[in-house]
Amino acid sequence: MLRLTNLPGQLPDEKIIGMYRRHPITILGLLLAALVLILLPFGVYAYIKIIESPVLATPDSGLLVILGGGIFLLFALMFVYQSFLDYWLDTWIVTNFRIINIEQHGLFSRTVSELRLYRVQDVTADVTGFMHSMLDFGQVYIQTAGEQERFVFEDVPHPNKISKDVMNLAEQDRKAHLDEAMEAMEETHENLHPDIKERAQRRLEP
Amino acid sequence: MIPVYYFVIAWLIFLGVFVLIALVSVMQMLRFGLAHWLTYFTTVAFVGLSAIIIVFSLYWIGHANLLTELNLNSIFGNPTMTS
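Note that the coordinates shown come from a computational prediction; the quantities given were computed from them, not determined experimentally.

## Brief notes about the overall build of chain B
Assigned secondary structure in chain B consists of three helices and three strands. Taking all contacts inside chain B whose residues are at least 6 apart in sequence as the whole, residues at least 24 apart take part in 53%.

## Re the overall build of chain A
Assigned secondary structure in chain A consists of six helices and seven strands. Secondary structure elements of chain A, listed N to C terminal, follow the sequence β-α-α-β-β-β-β-α-β-β-α-α-α. Considering chain A as a whole, with its 206 residues, one finds that 26% of them fall into the buried category.

## Observations concerning the sheet that holds strand E7 (residues 151–157) of chain A
Residue and element names in this part refer to chain A. Across the sheet, three strands lie side by side as E5-E6-E7; this open sheet has antiparallel pairing. Only two strands of the sheet have a single neighbouring strand rather than two, namely strand E5 (120–126) and E7. This sheet shows a mean twist of 20° between the axes of neighbouring strands, independent of strand direction. In the sheet, strand E6 (residues 137–144) pairs with E7 via five bridges, with the strands oriented antiparallel. Within E7, the residue paired with Ile142 across the bridge is Phe151. Helix H4 (residues 159–176) rests against E5, E6 and E7 of the sheet, and its axis sits at about 170° to E5.

## Looking at the packing of helix H1 (residues 4–32) of chain B against helix H2 (residues 37–62) of chain B
All names here are of chain B. At their nearest, the axes of H1 and H2 sit 11 Å apart, and the two run at 170° to each other. Between H1 and H2, the angle is such that the two are roughly antiparallel. Taken as a pair, H1 and H2 cross one another with a handedness that is left-handed. Judged by residue contacts, Val8, Leu15, Ala22, Val26, Met29 and Leu30 of H1 engage Thr39, Thr43, Val47, Ser50, Ile54 and Ile61 from H2.

## With respect to the interface of chain B and chain A
In this complex, chain B contributes 37 residues to the contact, which on the side of chain A involves 30 residues. Counting residues per element, the ones that place at least two in the side of chain B that touches chain A are H1 and H2 of chain B. The dominant element in the side of chain B that touches chain A, judged by the number of residues it contributes, is H1(B), at 14 residues.

## Some details on the sheet that holds strand E2 (residues 91–95) of chain A
Residue and element names in this part refer to chain A. With respect to topology, four strands assemble into an open sheet ordered E1-E2-E3-E4, the strand pairing being antiparallel. Lying at the two open borders of the sheet, with one neighbouring strand each, are strand E1 (16–20) and strand E4 (109–116). Across the sheet, the mean angle separating the axes of adjacent strands is 10° when strand polarity is ignored. On the sheet, H4 packs against E1 and E2 and is oriented at approximately 150° with respect to E1.

## Structural notes on the nonpolar core
Nonpolar side chains tend to gather and get buried jointly when the protein is soluble and globular. Counting residues in hydrophobic clusters, the biggest one holds 22 residues, and the most contacted among them are A:Leu63, A:Leu67, A:Leu77, A:Tyr81 and A:Leu85. For this core, the secondary-structure elements that each account for two or more residues are helix H2 (59–88) of chain A together with H1 and H2 of chain B. Top contributing element to this core by residue count: H2(A), with 13 residues. Apart from residues lying up to four places away in sequence, A:Tyr81 is in contact with B:Ser25, B:Thr42 and B:Phe46. Formed by 19 residues, the second largest nonpolar core is a distinct cluster that contains A:Tyr118, A:Val120, A:Val123 and A:Phe153.

About the thresholds
- Residues numbered from 1 in each chain as written.
- Chains lettered and ligands numbered in written order.
- Predicted model: local features only at pLDDT ≥ 70, side-chain atom pairs only at ≥ 80, totals over all residues.
- Helix = DSSP H or I, 4+ residues; strand = E, 2+ residues; numbered from the N terminus.
- Contact = placed C-beta atoms within 7 Å.
- Buried ≥ 20, exposed ≤ 12 C-beta atoms within 10 Å, placed from the backbone.
- Pairing = 2+ DSSP bridges.
- Axes fitted to C-alpha atoms, helices over the stretch in contact; angles between N-to-C directions.
- Parallel < 35°, antiparallel > 145°, perpendicular 65-115°, else oblique.
- Left-handed = near helix turned anticlockwise from the far one by under 90°.
- Core = buried A, V, L, I, M, F, W, Y, C linked by C-beta atoms within 7 Å.

What follows is the structure, given as structure tokens:
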């Protein structure tokens, strides 16, 4: 079990600054659908009672309804539990040294990645859409040095605040790890297009 | 005419599949979930509700005559029973 007091690969003096998940509203639709699924067998049972169908006339034919309804309820319950599991196990943890991205895809696929804060180059908060603006949740894109892929915090609450916090933490960590940060910058520079590199070089020349 | 126990066997197979997937889901939740009251609460609720449904169904199975044969063609209109 994941304990915040004992993170995977915890560094000495590492403190948790924030732990983020998708906004709970993102699973509301799914939970409503699940609620309908769970209530459906009870609705069908009530309907059978109202129309006085002979399906429930004897215990043996009623058994079929109970067995069918029971198995339907069990799988509906599992659908709800797995939806919650998918939501609950997607976590982004920001510490004073790194960002840990834990993502669960289905039941058997799990990705845990991390990046050191001094490698962070650019942080973008994106809030798009009516619901996102009203409830203040959205994406936070974190661009790292020397890597094409971006780190994305998906549908997290208060993305602007998170992006500012991450930027400040990255600044502090860069000061503490100046050498590593310079190496990361050079790595990014090597990945640039030759034309851009040349133009940047020209600008630096006195 | 299909004996009731055929349906019980089919139900038991579905139950087996459910138990297998449920065990894996609970194991994943307890292995990777955050140590938090909501993790325990949802797991206990899931296991508890599932147990209630299974026990309720087993109670009905226990009180039914499994050798009864059902005529599925007429069950939704006028069930025909023979023991």
